[in-house]
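# Structural overview
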Amino acid sequence: MSSLTNFSAQTERLYLRCVEDQDAETIASLMVPEIACWLASWKVPFTVEMARERITRSRREAAVGDALPLAIIERETDRFVGWVSLYRYQDNPRRGMLGYWIGMPAQRRGYLSEIKLTILQAGFDLFGFDSIEAGAQLANEASFGVMTSWGMKPFEERMAYSSARDRKERCRYYQITREEFRLSHENA
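Attention in this report is confined to the structure presented alongside it. (Residues numbered from 1 in each chain as written. Predicted model: local features only at pLDDT ≥ 70, side-chain atom pairs only at ≥ 80, totals over all residues. Heavy atoms only, no water.)

### Concerning the overall build of the protein chain
Note the cut-off: Numbering of helices and strands starts at the N terminus; helices are DSSP runs of H or I of at least 4 residues and strands are runs of E of at least 2. This radius of gyration counts C-alpha atoms alone. The globule rule is 2.2 Å times how many residues there are, raised to the power 0.38. Here's how the labels work: a residue is buried when its accessible area is under 20% of the maximum for its type, exposed when over 50%, partly exposed in between, all with a 1.4 Å probe on protein chains only. Any pair of residues with heavy atoms lying within 4.5 Å of one another is described as a contacting pair.
When you go through the protein chain residue by residue, the secondary structure sums to six helices and eight strands. Starting at the N terminus, the α and β elements of the protein chain follow one another as β-β-α-α-α-β-β-β-α-β-α-β-β-α. Taking 2.2 N^0.38 as the reference for a compact globule, 188 residues should give roughly 16 Å; the C-alpha atoms of the protein chain span a radius of gyration of 16 Å, in line with that estimate. Along the first, second and third principal axes, the C-alpha atoms of the protein chain reach 40 × 35 × 35 Å. Taking all 188 residues of the protein chain together, the buried fraction comes to 45%. By sequence separation, contacts in the protein chain at least 24 residues apart represent 63% of the contacts at least 6 residues apart.

Dropping the structure here:
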């Protein structure tokens, strides 16, 4: 697979592009405890240097076609509002993992609903995934709402390691298959 660092897409209100070093300060300022508590690998305080390291690592994965780490940018303001990523499972390259967060100032505006088609289409077309999954801690009802709105269905609970908290946490996972996506897209 070719590099995904040049991927970009637009929706009505948003622009998606690969994360860049210029995003580091904004990412660090948006990664507050109210966001990080739901994310397995984002520690707080999250420094600008930590943001730069994550961006560099994510772009390296995108360059070899193993990840699509995207900045979510408001088109009207050119403001970075969140991050959405697709990652390829190394032990099952036909399966993808979705991760996302929206900064507090931009929450409850429907941004994740607005990008769902673009992100899922990229997963199935660019990566060739057979299925895409996302997971969240059992108390994260907001994230389960996002997953459901994306057409994902619950399929298992399992323990997942949180490097941010250095412990395993019980999470519920949702998934959508290529066929489910195709059918929902045809019926839309």
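Moving on from the model shown.
### Some words on the side chain of serine 58
By secondary structure assignment, the location of serine 58 is in helix H3 (residues 48–63). Apart from residues no more than four positions distant in its own chain, serine 58 is found in contact with Val19, Pro69, Trp83 and Tyr87.

### Things to note about the packing of aromatic side chains
To keep it simple, the criterion reads: Only Phe, Tyr and Trp rings take part, Trp by its six-membered ring, and two of them pair if their centres are within 6.5 Å. Stacked means planes under 30 degrees apart, edge-to-face means over 60, and tilted covers everything else.
Throughout the structure, instances matching the rule amount to eight aromatic pairs. Judged by centre distance (5.5 Å) and plane angle (75°), the ring pair of tryptophan 42 and tryptophan 101 falls under edge-to-face. Placement of tryptophan 42 in the loop between helix H2 (33–36) and H3 and of tryptophan 101 in strand S5 (residues 92–102) is noted, with a sequence separation of 59 residues between them. As far as the burial class goes, tryptophan 42 and tryptophan 101 line up, both buried. An aromatic cluster of at least three residues, connected via ring pairs, comprises Trp42, Phe46, Phe80, Trp83 and Trp101.

### Regarding the pattern of salt bridges
Quick reminder of the rule: Any Lys or Arg side-chain nitrogen located within 4 Å of an Asp or Glu carboxyl oxygen qualifies as a salt bridge.
In this structure the tally under the stated criterion is 17 salt bridges. In this structure, aspartate 130 engages arginine 94 in a salt bridge whose closest nitrogen and oxygen atoms are separated by 2.8 Å. In this pair, aspartate 130 sits in the loop between helix H4 (111–125) and strand S6 (131–137) while arginine 94 sits in strand S5, placing the two residues 36 residues apart along the sequence. On the accessibility criterion, aspartate 130 (37% relative accessible area) is partly exposed. Among the charged side chains, a salt-bridge network with shared partners connects Arg95, Glu133, Glu156 and Arg158.

### Considering the nonpolar core
What counts, and what does not: Only buried Ala, Val, Leu, Ile, Met, Phe, Trp, Tyr and Cys residues count toward a nonpolar core, and they belong to the same one when joined by side-chain atoms within 4.5 Å.
Formed by 37 residues in total, the largest nonpolar core has its most connected members in Ile72, Leu98, Ile115, Ile119, Ile132, Trp150 and Met152. Counting residues per element, the ones that place at least two in this core are strand S2 (14–18), strand S3 (67–74), strand S4 (80–89), S5, H4, S6, helix H5 (141–149) and strand S8 (167–177). Per element, the largest residue contribution to this core is seven residues, and it comes from H4. Excluding its chain neighbours within four sequence positions, the residues that come into contact with tryptophan 150 are Leu98, Leu112, Ser113, Ile115, Lys116, Ile119, Leu120 and Ile176. Grouped together as the second largest cluster of nonpolar side chains are 17 residues, Val19, Ile27, Trp42 and Phe46 included.

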